[in-house]
Amino acid sequence: MITAKLETTGVSGLCNIRLATMSRGIIRAYGLVEDAVLLIHHGRILWCGEGAELPDEYKSIQLMDGEGRLVTPGFIDCHTHLVFGGDRAREFELRLEGASYEEISRSGGGIRSTVKATRTASEKQLLAEALKRVDHLIAEGVTTLEIKSGYGLDLDTELKMLRVARAIGTERDVLVQTTFLGAHAVPEEFDGRSDAFIDHVVNDMLPRVAGEKLADAVDGFCEGIAFNPAQIERVFAKSKELGLPVKLHAEQLSNLGGAAMAARNGALSADHLEYLDEAGVVTLAECGTVAVLLPGAFYTLREKQYPPISTFRKHNVPIAIATDANPGSSPLTSILLVLNMACTIFRMTPEEALAGVTRNAALALGLGETHGTVEVGKIADLAIWDVREPAELAYRIGFNPLHKRITGSLS
Ligand code: DI6
Ligand code: FE
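What you see is a predicted model, and the numbers here were worked out from it, not measured in a lab.

Let us now look at the overall build of the protein. Across its full length, the protein holds 15 helices and 15 strands. A principal-axis box enclosing the C-alpha atoms of the protein has dimensions of 70 × 40 × 40 Å. Buried positions account for 58% of the 411 residues belonging to the protein. Within the protein, residue pairs in contact and separated by at least 24 positions form 71% of the contacts whose partners lie at least 6 positions apart. Accessible surface, the protein as shown: approximately 16,700 Å² in total, 51% of it carbon and sulfur. Looking at the protein, you have 41 positive and 54 negative side-chain charges, and the mean spots of the two groups are 1 Å apart.

Spatially, the eight strands line up as an open sheet ordered E6-E7-E8-E9-E10-E11-E12-E13, and their pairing is parallel. The sheet is open, and its two borders are formed by strand E6 (75–77) and strand E13 (319–321), each paired with just one other strand. Here the average twist between neighbouring strands, direction ignored, is 25°. Here strand E8 (residues 175–183) runs beside strand E9 (residues 217–222); their pairing, made up of three bridges, is parallel.

Further remarks concern the nonpolar core. In terms of nonpolar packing, the biggest core is built from 102 residues, with Phe-75, Ile-168, Leu-284, Phe-312 and Leu-339 touching the most fellow members. Broken down by element, the residue count for this core peaks at eight residues, all from helix H6 (residues 194–211). Dropping the residues within four chain positions of it, Ile-168 is found in contact with Leu-82, Val-83, Leu-127, Ala-130, Leu-131, Val-134, Ile-147, Val-174 and Val-176. Counting 16 residues, the second-largest nonpolar core is a separate cluster that includes Ile-17, Leu-19, Cys-48 and Ile-384.

To continue, consider the site of ligand 1. The environment of ligand 1 is made up of 14 residues, and the closest members are Arg-88, Tyr-101, Tyr-151, His-184 and Asp-324. Note that an oxygen atom of ligand 1 is positioned 3.1 Å from one of the side-chain N or O atoms of Ser-329. Expressed as a share of its isolated accessible area of 320 Å², the protein-covered part of ligand 1 is 100%. Residue composition of the shell around ligand 1, by class: four nonpolar, eight polar and two charged.

We now examine the environment of Phe-190. Within the secondary structure, Phe-190 is located in the loop between E8 and H6. We classify Phe-190 as buried; its relative accessible area is 15%. The spatial distance from the C-alpha of Phe-190 to the C-alpha of Gly-258 is 22 Å, given a sequence separation of 68 residues.

This part takes up the side chain of His-81. Within the element layout of this structure, His-81 appears in the loop between E6 and helix H1 (89–96). In terms of polar contacts, His-81 uses its side chain to reach the side chain of His-79, at 3.2 Å. Once residues lying within four places of it in the same chain are set aside, the contact partners of His-81 are Lys-148, Tyr-151, Leu-181, His-184, His-249, Asp-324, Ala-325 and Asn-326.

Now for the pairing of strand E5 (residues 70–73). With two bridges connecting them, strand E1 (residues 11–20) and E5 associate as parallel partners. Among the inter-strand pairings, Arg-18 is bridged to a residue of E5, identified as Leu-70. Across four bridges, E5 lies against strand E14 (residues 381–385) in antiparallel orientation. Bridging from a neighbouring strand, Leu-70 pairs with Trp-385 of E14.

Bringing the coordination of the iron ion (ligand 2) into the picture now. Every protein donor of the iron ion (ligand 2) is listed here as His-79 (NE2), His-81 (NE2), His-249 (NE2) and Asp-324 (OD), and their distances to the metal cover 2.1 to 2.2 Å. Counting along the primary sequence, the residues that act as donors to the iron ion (ligand 2) give the motif H-x1-H-x167-H-x74-D. Within this pair, whereas His-249 is found in strand E10 (residues 247–250), its partner Asp-324 is found in the loop between E13 and helix H12 (335–344), the two being separated by 75 residues in sequence. Judged by relative accessible area, His-249 falls into the buried class, the value being 3%. The exposure class of Asp-324 is buried, given its relative accessible area of 1%.

Two strands pair when backbone bridges link them, and E10 and strand E11 (residues 269–272) are joined in this way by four bridges, in the parallel orientation. Note that in E11 the partner of Leu-248 across the bridge is Ala-270. In this view, the connection linking E10 to its parallel neighbour E11 by way of helix H8 (residues 258–264) has right-handed handedness. Bridge count between E11 and strand E12 (residues 290–293): three bridges; the pairing is parallel. Looking at E12, one finds that Ala-270 is bridged to Ala-291.

Quick look at H12 now. Burial within H12 is extensive, with eight of its ten residues counted as buried. Inspection of H12 places Ile-335, Leu-336, Val-338, Leu-339, Asn-340, Met-341, Ala-342 and Cys-343 among the buried residues, and these make up the whole buried set.

The next point concerns the pattern of salt bridges. Inspection of every chain in the model, using the stated rule, returns 28 salt bridges. Two residues, Asp-173 and Arg-405, come together in a salt bridge whose shortest N-O distance is 3.9 Å. Taken together, the residues Asp-173 in the loop between helix H5 (155–171) and E8 and Arg-405 in strand E15 (residues 402–407) connect sequence positions 232 residues apart. Asp-173 sits in the partly exposed class, given a relative accessible area of 47%. In the salt-bridge network here, residues are joined through shared partners; they are Arg-18, Arg-28, Glu-34 and Glu-389.

What counts, and at which threshold
- Residues numbered from 1 in each chain as written.
- Chains lettered and ligands numbered in written order.
- Predicted model: local features only at pLDDT ≥ 70, side-chain atom pairs only at ≥ 80, totals over all residues.
- Heavy atoms only, no water.
- Helix = DSSP H or I, 4+ residues; strand = E, 2+ residues; numbered from the N terminus.
- Buried < 20%, exposed > 50% of the residue type's maximum accessible area, 1.4 Å probe, protein only.
- Contact = heavy atoms within 4.5 Å.
- Areas by Shrake-Rupley, 256 points an atom, 1.4 Å probe, with all protein chains shown as cover.
- Lys, Arg positive; Asp, Glu negative; His and termini not counted.
- Charge placed at Lys NZ, Arg CZ, Asp CG, Glu CD.
- Pairing = 2+ DSSP bridges.
- Axes fitted to C-alpha atoms, helices over the stretch in contact; angles between N-to-C directions.
- Core = buried A, V, L, I, M, F, W, Y, C linked by side-chain atoms within 4.5 Å.
- Near = heavy atom within 4 Å.
- Polar contact = N/O pair within 3.5 Å; in protein donor to acceptor, adjacent residues only side chain to side chain.
- Nonpolar A, V, L, I, M, F, W, Y, C, P; charged D, E, K, R; others polar.
- Donors = N, O, S within 2.8 Å, 3.2 Å for Na, K, Ca; no water.
- Right-handed = clockwise from strand over helix to strand, strands pointing away.
- Salt bridge = Lys/Arg side-chain N within 4 Å of Asp/Glu carboxyl O.

In structure tokens:
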């Protein structure tokens, strides 16, 4: 038998770090490894563990001194709408004067006003504006980012948004996963004809989006002010036919049974979920659907109804958290603030919050095999932090201790 010689050329590594692997295989909180060494080869984790256990064949490798810093998986923002035209600052003022999010939406403001601005913006403008927001996330250790369409609501603008989202992944060193959110709202030209709009999404938009390979997944907004579960299910059926995974905005403002319907359709995630009941939670658990919680939207809309965190815990539903970066209900581009809000507002533990932007966020994007934890064979997307305690990332407010972000290589 021939034993392959271990390849050490092209291997780089880090030593003297505290490694929060976030791996389930390590029993300690945060999957923490003290005094750790981590080796990278061809963009993947080649070896990681306690420095004292480094195999002999790797001992000659020159290692970078991490000076005792904390290393985590690169952060994953698994739910954003950060490509859009215009802004909604006026709507913010209206809400402060007493108007509700739903009232503004029903009177033609809200999502529809962003649709107008997005339709008229050029691809170049949309990209330039989005990159500013992306750069905030990158500066806080984000290495993977999901971006939804849904402010075009006509074929050309939806394609334009998705091309811009794809372009972000080449303009910046970040993995972008795009999601087609055609069923986000009923556009003005389909007023009162939401079924006809769903026909358009299913028959015209989805085949083009899939044909041009512009989307990695399909999402919808299941709500009184948007679409009912039966309409969304039609979108899901077509998505499945085209081989695209699905996810859903559900139970944000009311309980329509959207999340359970999505889970039964194999959804990767159900997102928002403030109004989800226990039966719905059980369905998520049975179907392996991730609960994505969005504290920025909860905070901005001053919601009163909390997502059922303890019920998720009881049924072992993986919880992810994300910015929901969008111009209306969550004008938030700080993933570190999301960690803090998840703990302070939702009473999640710092460990749950950190899992929410790493391991479980990867699951919500269908990237669990390659991303989200520091484990041998996974992509070497990491964040090095100038802190010792993982909980510091969640408890401090308005403080960014990122030392360095690593995407596949240490150089
Ligand atoms: N839920 C959200 O959080 C975003 N879309 C949705 O369906 C907000 C969209 C907006 O207000 O612009
Ligand atoms: Fe959203």
